[in-house]
Amino acid sequence: MERPPKKNLSSQEWESLMEDFQRGSSGKREKWTSSLPPLSLLDLSLSSLLKKDFPLSLKLHLLVFLDDFADTLFISSPEDSDEVLSKLVIGVEAVIQSPVDGVSVSYALKEQMLVSVTSIFMTVTDFLRVRVRVRVSQLEALVAILLTIVNRPNHGMDRQTRAVTCECLRELEREYPCLLAEVVGHLWGLCQNERTHACQSYLLLLLEVIQHIVACKLNVNSVFSTGVPLVPFNIPQWVKIGGVDEDGDDEVYLKLHLEAELSGSNLKELKRVMAFLLEWPQVLTSCGMMEFMSVVMPLAVALELQPSLLKVQFFGLLYNYDPLLWHVVLMLYSQFPDTFGGQEGEIFRRLMLISKEGQQPLIFRLLVLHWLMGLVELVSKRDVEKRTLIAGMGSSFYPNVYDALALKSVKLDLLVLCSVLVDAAESCDGSSRVSALKYFEDGLVCVSAFKWLPPWSTETAVAFRTIHKFLIGASSHSDDVPSATKVVMASAIFHAIQASLSIRLLSHRFAKPAMEALSGNRNTVTRLRVASWNREPKLVPVVGSLIDRLLLCKMHCCLGENLLQIFDERLLPKVVMNYMLSSYFLIFDKIGKNVTVPPQRLLELLTKYAIFLVEKHGPNTGLKSWCQGTNVLAVCRTMLMHHHSSRLFMGLSRLFAFTSLYFPDVEVRDSARIYLRMLICIPGKKLRHILNLGDKVVGISPSPDTSSFFNVQSPRMSQELKKSRNISSYIHLERAIPLIVKQSWSLALPALGFDAEKYGYIEGTKDSEPQMSGKDSNFDNNIEIIPGIKRIEQPQEPLRVMDSKISEIVDILRMHFSCIPHYRHMSGLKINIPCTLRFQSEPFIRIWCSDPPGRSAEELKAVPTMYAIVLKFSSSAPYGSIPSYRIPFLHGEPFSGESLLPHGSMDIVPVGTPPILTLGSGSLVTIELEPREPVPGIVDVSIDANADNGQVIRGKLQGVAVGIEDMFLKAVRPTEIPEDELPEYYSHLFDALWEACGSSSNTGREMFSLKGGKGFAAIYGTQSVKLLEVPANFAIRVVEQYLADFVVSVIGTSLVEIVKDGGFIKEVTWIDVVSDSSDESKSITVSDGGPLCLTYFDNEDDKYRRANIGKTNMGCFLVLIFLPPRYHLLFRMEVSDVSTLVRIRTDHWPCLAYVDDLLEALFSL
Amino acid sequence: MKEAAMAAARRAEGRCSIRAIWVLNNLDVVLFSRRFPTVERRWRAACKAEKEQCAKDSDDSGVDFAVTSSIPTDSQLSESFSNRKKREGSVRGFGIRVADSVEGSDSWVDDPITRHIISLHISDEEGKGHLLWPLILHVKGPYFILVLPLVEPKHLGAYERLYKRSDCGTSVGVDPNISSLLLDLPSITGAFMVAHVIGDIITGDIVEPEIAVSASPVGGLFDSLTGSIGISGISARGKPAAPSVAASPTSTGSLAGSVISDAPKAGSGGLDRDALQTFICSSMPFGTPLDLSYPNISAIKMNGFSSSDMPHADVKQPAWKPYLYRGKQRILFTIYETINAAMYDRDEIPDSISLTGLVNCRAELEGLPDVSFPLTGLNKAHIEVLSFHPCVQVPEQGVDKQALMFLPPLGNFTLMRYTAFPTLGPPVKGFYQLSMVSENEGAFLFKLRLMDGYKAPLTMEFCTITMPFLRRRVVSFNGTPSIGTVSSTEHSIEWKIIASGRGITGKSIEATFPGTVKFARLQTQRSSVLGKGAIFDEDSDVEMDNSNNVANVEDYLEEKMMKDLPPVDLEEPFCWQAYDYAKVSFKIMGASVSGMSIDTKSVSSGDYILWNTLGKCPSAAVPKD
């Protein structure tokens, strides 16, 4: 299985190897790893690194790559990994020792080699440590190499390399704490000596080692001792690299060092080192500073250094402009908050000022403000009083006009914070409440464009985000008690927001600056401001979603409700009565839905509006009246559904009565009447549930916002939904004749799944393709006018030679097509699908008749009945409009068991139980389709009926599947053909169509006019073959049973004999010829070669074929099937002893897909 | 030693380490990626520890950290990146919670910073997937730079709770929030620094602060700059990409308004992977950034060190100054100020003028000398914010008289930055009025006074007024200014009051320009905001009877213009397209407007805008202290 490992890789191969790994497709990685075992890959890499002609940049890439993917490349077996480590040590030594020539070896290469090897080392040992104790010698060797490099302070050329090496050592020290603790004395010396820019790395290295010594409380002999030689390096005993020791004595060294306190002398020495380290922070880069401080801080704690020293030394960093340094100071504060006592204000102020620095990239200005907020939280956790420091700074957070919206938005958050704090302070000492409110008002000025910009503008989003923050104020979501929310509702800001939103909603016009006065004294264009442009209130949807946001929150839904109440109080009396009112319906609907808002005011308004609509109605407002009336009723419906009807009764009945009497639109009048009757006659509980049942009441658009909110809260509602959903489990509409093929798919053609108009377009294009030749693409749209004219104008182009045979064919086809109606101009050909409707009594009774408790057992046993059943059909398949079917009444099926089972035991509704057909219990239903295209599909069925007690049953039933065989029709019979000539006509028609559908047909360009002369059809034929391996007698039986109606000829003596006796196939053309006679062959093959192809019999293959098959050939059936609206399916079934070959031709190629399934199914029955 | 103790010792608290870096182009293809195995190992160890801790505390509230949640491959990353883009509407995302936001997405957190610190949902083979946060997203040119810093698993958990919260959003100061997270995570700050440097490297946008060598007001900025390079005594430095005029927050940026959006311009040219690779290897060999100065790192890479580069005799050489200067000694300073102004000329809205300034420095000094730099008169100068280069030993703040001590780095650097209120009045004042007299025709008037109260040696080098019409096409304009020349482009009219080369010194001038402008017929760009607009689209039957009310052209126009106004990014100050304004650009040499004074000075305009006095204008409240 294993391929021999590769000997060498070219640069290109290396590149593609790296790329494949980078991309991450596991397949390609596999390819490489299977041909390159870890060791050979490593060998190859190391040798490439040392090669002179290997490009330097590729070497660097290779090293980074090996580092990146070390865990996938080098980790296999422990033995291999051990080997990998050894090889790496040798490799790194070789690279380090090779002279720098700048071409094949550079300092950069050496540095990267050190980094990558160190990193790979750690990856591999990390893998090994969980398995076996690793031999430490390789690690010792690596560290020794690194230490050797480091041990040349101030050396000129390789200072950068030494810096990088320090980093490698630091990384190892981080991985194995106290690894270098024994040589810390040397490091101390080096660190003191080094004066080049590499000193940062030396400082950090020393610091790291010191930190580990302190953290592990490791008592080394002396921090300054250089007693242990630097090289050769021995891993100290306290560093545990291996896994669990076999004898489990990994506690040995723990006793020695851990848990002990640092000795006094050690502590003293360490403090001295610290003092030295703290002398040099100014040589660090800002990144270095961050690294430095993150180590120094815990050290300072452990060594009990004075944090104030750190503060004095580092606090000034806050005044630099480097974001990293700011964060260093903040870290310092978080670590030693006590030290900064009293200086919080200064930090706050500085952060606030930084956020004003225009030169900083936006992100840092945002970050700074976030830190400020985080810091305030941190500070107030320790001392709540200090929060007031920030409260006083409120006005500094006023956004600038050119601040980015993101910045404005965060500054507004801070204003919210300030206002909350100010508010809290005021409620304590009772001083004036102006300032908190002022923050709100002033803050929003910077996004005040939300008042007139489109509702989707970013300004609006920011403004409403802030409004939301001000609204919820200080009420936390983590509180269990909503008391904070109560406080919020009492606050001045809340009232201000209420007022402001009401005004916003009312403002139809802009808040125009008072500029008329200004323009007066300037000599320019002065304009008169005439009646303000009448606009819709744009903010309705935005306010709506704000309310939704609140309503959906457990803590704050009362705020949302309160807002709605306020709108009810303030908005409703003030809205202007005009058509614009409809833009408020979103809010009205929410008000109507909310039980906490008394409905009277809304009802009054709606009544006024209805009156307005009636008064304004004129010749041009028909549609508008209908739409607005419907909207009004929709809100009424929402109210009906959510309020007690007693609360609504007076107002609503008046409104309904008025509407049903005077409203100009008949549909609205009707609906209002229905509602009125419902309101009067049906008790509230039931009424609500009826309204909820049908999602769509006729003529009433569903409420714009169907609230899942309500449904979730009411368990009854979900039950009701279930009630209607389950209809299909006990009311069944089934096909009388089951389908042969259960079509589970349908071929998606461009003509599928769209409305009739579009569909017509495609058809039209097909029709007219030959004529149009790109001239008139509107043809299909103007189809009624143009074709007639065109027919006269345009000669039957192009001119072509027609022999007598073809002209005969064309004549027959013309006659045939002229009998086919075109569905677009007259009623098309229809197909009927007989079905049976029935329903099961038990579940029906249980669901629809169970609630009145007083029913006697007898009543319960009586077979239930549905009345006034209307079945409505629809389909996504192109079946035209399907007329609905009405049944006056229908009895349920008699009970299956002897007695009615107790209610409880019937809980499980038998879904999909086989129909128990009992005479008289079902009703025949015919679905009449007018297919636009012969495709299978599903007809969706919905039922509308009344139950015994007048309840409305409404819902969807299982769809009825329509198969391709439903599309099979006999070809239309032309009136001029007498009955007795029909078989002959059909036979000719078959031949003609067979010919026309042939691949090389000459009729392809011929247009055949359809009935009435308004539409045209052309024939584009396709052929196919299907071999059915069934015995002859079986094949014949199937044809007789299923296809008898469509057979037009039977050819072949032996076949004719069998079939004639059967009596299934009648009135066809019988051709008593020997099955393999020339006649028969000719009729088969004529199309293949064209009419003049006389050389046919010389064809070698055919002779062979006839020789073989001819013997058993019994003859053939010719089957002509018409597929509405105007297509054909032709079978030529050549029956022989053991198999039947079906040659299929059609002028509607998509049907082949279904036909194949059909034949398959027919002959396997 | 116990594993736990070792883990504690290894803890990454407060450190900045990077787990991975990706650079993607605008087709979401990963162009460059780098992972740091040592950091990744730390992350896995932390996850393991956290898991054990959770198990010990039998604490289920902790988020399930798949220990296997490794760094995604390039293709996984690119896939989830583009998925996020689809879900969040744009590369950066909505930023704040909008109608389209869903629970479990960044915008659900409802903070604009989630446009910069994003999360990605990485789906793995088992289909479970895991959250990757915090990813620093930096958009530069056609590139998206993603940097994944190391945080602790508990931080990830905290964020996951934020972005899956079921309530209506953080209430400021009380709920758990992203602010405390950010304060706790210096690694995020570090990652932003890394991302910015990488962005500059891949777009070749490394610009050193400018220094004008010659104080002569005649020489253009470019001349002086190239001149200074010519004289440069620092031969050891490898000069990176040619500097361009850096003072360009002024020019295209704000004028283009929302044109600057998330979508970067189509990528041109490849990315210099080698340069990037080299930089990353040197600046953060193990994923921990040590030095992010590209000039320093590339100089070391290019020149190395020779034996003649002797270390200083007794002082340590700073890590940020790898080379010492040798040659003629001198020290140069230049002040650059930028004025931002919103001029309303209205009684109810006060004008707002502010300026930002830079003191750039170039110290060609041998050895490692400390330079003392006295600052006086700070109180008088209305300085609001003052920040210094990291090499400066920062004195106590708020004292009127200070002496800065600094050890200058090599090359040009910005010694200090400040924000101030100008002591002189606005260099350009007056008003701009535009009024639409019909649907496609407007009349406008400018009345300006330049350099009012500005004495010599202040010289205005040029001054141009631009009237941008971002949403209308200019067909023609009429009118003659009292001074200067006028030209028009498709979407703007430009009035050059003072052409460059004809600067005015020490006198004030008046300029008026009445005129009319004709626009092409307004075409509604419905398609541009279809996605957004559709949500709010009102019923078609609510439309109003236009015929009755056309009396007021402007309102009608406004209605028409607003209808298809696309929302701007959160990085813009407001929707520029919704307003009429004239933008002033100028350059003043010879002194600073703040009163700051050292050597060479120059002032130029930032967002210096005259708002149409007759139209709407954005404004902000001004604190009245």
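The structure reproduced in this document is the subject of the present report. (Residues numbered from 1 in each chain as written. Chains lettered and ligands numbered in written order. Predicted model: local features only at pLDDT ≥ 70, side-chain atom pairs only at ≥ 80, totals over all residues. Heavy atoms only, no water.)

### Quick look at the overall build of chain B
Moving on, step 1. For chain B, the helix and strand inventory stands at 14 helices and 22 strands.
Moving on, step 2. A total of 625 residues make up chain B; the buried ones form 58% of that total.
Moving on, step 3. The long-range fraction of contacts in chain B, counting pairs at least 24 apart against all pairs at least 6 apart in sequence, stands at 72%.
Moving on, step 4. Total accessible area computed for chain B in this model is approximately 24,000 Å², and 52% of it derives from carbon and sulfur atoms. (Helix = DSSP H or I, 4+ residues; strand = E, 2+ residues; numbered from the N terminus. Buried < 20%, exposed > 50% of the residue type's maximum accessible area, 1.4 Å probe, protein only. Contact = heavy atoms within 4.5 Å. Areas by Shrake-Rupley, 256 points an atom, 1.4 Å probe, with all protein chains shown as cover.)

### Examining the sheet that holds strand S3 (residues 865–875) of chain A
Residues and elements named next belong to chain A.
Moving on, step 1. Spatial ordering of the open sheet is given by S4-S3-S6-S7, a layout of 4 strands whose pairing is antiparallel. With partners counted over all chains shown, the strands left at the sheet margins are strand S4 (885–891) and strand S7 (952–962), one partner each. Across the sheet, the mean angle from the axis of one strand to that of its neighbour is 30°, orientation sign disregarded.
Moving on, step 2. In this sheet, S4 lies alongside S3 in antiparallel orientation, the contact comprising 6 bridges. When the sheet's bridge partners are listed, isoleucine 869 is paired in S4 with isoleucine 887. (Pairing = 2+ DSSP bridges. Axes fitted to C-alpha atoms, helices over the stretch in contact; angles between N-to-C directions.)

### Quick notes on the nonpolar core
Moving on, step 1. In this structure, Phe567 of chain A together with Phe446 and Trp611 of chain B are the most contacted members of the largest nonpolar core, which totals 393 residues.
Moving on, step 2. With sequence-adjacent residues up to four places away left out, tryptophan 611 of chain B is seen in contact with Tyr402 of chain A together with Ala342, Met343, Tyr344, Tyr432, Phe574, Trp576, Tyr579, Asp580, Tyr581, Cys617 and Pro618 of chain B. (Core = buried A, V, L, I, M, F, W, Y, C linked by side-chain atoms within 4.5 Å.)

### As for unusual backbone geometry
Moving on, step 1. Geometrically, the link from proline 1124 of chain A to proline 1125 of chain A is a cis peptide bond, its omega value of 5° lying close to zero.
Moving on, step 2. Note on placement: proline 1125 of chain A falls in the loop between strand S13 (1113–1123) and strand S14 (1127–1136).
Moving on, step 3. The amide bond that connects tryptophan 133 of chain B to the next residue, proline 134 of chain B, takes the cis arrangement and shows omega of -5°.
Moving on, step 4. In this fold, proline 134 of chain B is placed in strand S4 (residues 130–140).
Moving on, step 5. A positive phi angle is found at lysine 217 of chain A, which is not glycine, with a value near 50°.
Moving on, step 6. In this structure, lysine 217 of chain A sits in the loop between helix H11 (199–215) and helix H12 (252–257).
Moving on, step 7. The class of lysine 217 of chain A is partly exposed, set by a relative accessible area of 32%.
Moving on, step 8. Phi at methionine 451 of chain B is positive, roughly 55°, even though this residue is not glycine.
Moving on, step 9. Here methionine 451 of chain B shows up in the loop between strand S14 (441–450) and strand S15 (459–468).
Moving on, step 10. Judged by its relative accessible area of 0%, methionine 451 of chain B falls in the buried class.

### Structural notes on the sheet that holds strand S2 (residues 831–839) of chain A
Residue and element names in this part refer to chain A.
Moving on, step 1. Spatial strand order, S1-S2-S5: 3 strands in an open sheet with antiparallel pairing. In the strand order of this sheet, the two ends are held by strand S1 (731–735) and strand S5 (923–929), each with one partner. Strand-to-strand twist across the sheet, computed as the mean angle between neighbouring axes with direction ignored, equals 30°.
Moving on, step 2. Alignment of S2 against S5, held across 7 bridges, turns out to be antiparallel. Its bridge partner lying in S5, isoleucine 831 is registered against leucine 929.

### Thoughts on the packing of aromatic side chains
Moving on, step 1. Across all of its chains, the model carries 47 aromatic pairs over all chains by this definition.
Moving on, step 2. With centroids separated by 5.6 Å and ring planes inclined at 90°, the aromatic side chains of tryptophan 452 of chain A and tyrosine 579 of chain B adopt a geometry described as edge-to-face. With tryptophan 452 of chain A in the loop between helix H21 (434–445) and helix H22 (458–472) and tyrosine 579 of chain B in the loop between helix H14 (553–563) and strand S21 (581–589), this residue pair bridges two chains.
Moving on, step 3. Overall, the relative accessible area of 7% leaves tryptophan 452 of chain A in the buried class.
Moving on, step 4. Between tryptophan 576 of chain B and tryptophan 611 of chain B, the ring centres sit 6.3 Å apart and the planes meet at 20°, which makes this aromatic pair stacked. (Phe/Tyr/Trp six-rings, centres within 6.5 Å; stacked < 30°, edge-to-face > 60°.)

### Digging into the packing of helix H3 (residues 38–50) of chain A against helix H6 (residues 78–97) of chain A
In a pair of packed helices, the angle between the axes and the distance between the axes together describe the arrangement.
All names here are of chain A.
Moving on, step 1. Where H3 meets H6, the axes come as close as 10 Å, and the angle between the chain directions of the two elements is 5°. The angle between H3 and H6 places the two elements in the roughly parallel class. Along its contact with H3, which presents Pro38, Leu39, Leu42, Asp43, Leu46 and Leu50, the element H6 presents Asp80, Glu83, Val84, Lys87, Leu88, Gly91, Ala94 and Val95.
Moving on, step 2. When grouped by side-chain class, the residues that make up the contact of H3 with H6 number 9 nonpolar, 1 polar and 4 charged. (Parallel < 35°, antiparallel > 145°, perpendicular 65-115°, else oblique. Nonpolar A, V, L, I, M, F, W, Y, C, P; charged D, E, K, R; others polar.)

### So, the interface of chain A and chain B
Moving on, step 1. Each side of the interface is counted separately: chain A has 165 residues, and chain B has 166 residues.
Moving on, step 2. Taking both sides of the interface into account, the surface hidden between chain A and chain B amounts to around 14,200 Å²; carbon and sulfur atoms contribute 59%.
Moving on, step 3. Counting every contact that joins chain A to chain B gives 10 salt bridges.
Moving on, step 4. Notably, a salt bridge pairs arginine 42 of chain B with glutamate 171 of chain A, separated by 2.3 Å at the nearest N-O pair.
Moving on, step 5. In this assembly, chain A and chain B are joined by 50 residue pairs in polar contact (both at pLDDT 80 or more).
Moving on, step 6. In terms of residue class, the side of chain A that touches chain B is made up of 77 nonpolar, 49 polar and 39 charged. (Buried area = accessible area lost by both parts, 1.4 Å probe. Salt bridge = Lys/Arg side-chain N within 4 Å of Asp/Glu carboxyl O. Polar contact = N/O pair within 3.5 Å; in protein donor to acceptor, adjacent residues only side chain to side chain.)

### Digging into the environment of alanine 46 of chain B
Residue and element names in this part refer to chain B.
Moving on, step 1. Note on placement: alanine 46 falls in helix H2 (residues 37–56).
Moving on, step 2. For alanine 46, a relative accessible area of 22% puts it in the partly exposed group.
Moving on, step 3. The spatial distance from the C-alpha of alanine 46 to the C-alpha of proline 153 is 6.8 Å, given a sequence separation of 107 residues.

### Looking at helix H47 (residues 1151–1162) of chain A
All names here are of chain A.
Moving on, step 1. Across its 12 residues, H47 extends 16 Å between first and last C-alpha, which sits within 8% of the 16 Å expected from 1.5 Å per residue.
Moving on, step 2. Within H47, burial applies to Cys1151, Leu1152, Tyr1154, Val1155, Leu1158, Leu1159, Ala1161 and Leu1162.
Moving on, step 3. For H47, the elements touching its buried residues are strand S10 (1022–1028), helix H43 (1032–1043), S13, S14 and strand S15 (1140–1146). (Expected span 1.5 Å × (residues − 1).)

### A short note on a nonpolar patch on the surface
Moving on, step 1. Residues Phe649, Met650 and Ile680 of chain A make up a contiguous nonpolar surface patch of about 300 Å² in total accessible area.
Moving on, step 2. Mapped onto the elements of the fold, phenylalanine 649 of chain A is located in helix H31 (residues 645–662). (Patch = residues over 30% accessible without salt bridge, like charges linked within 9 Å, V, L, I, M, F, W, Y side chains within 5 Å.)

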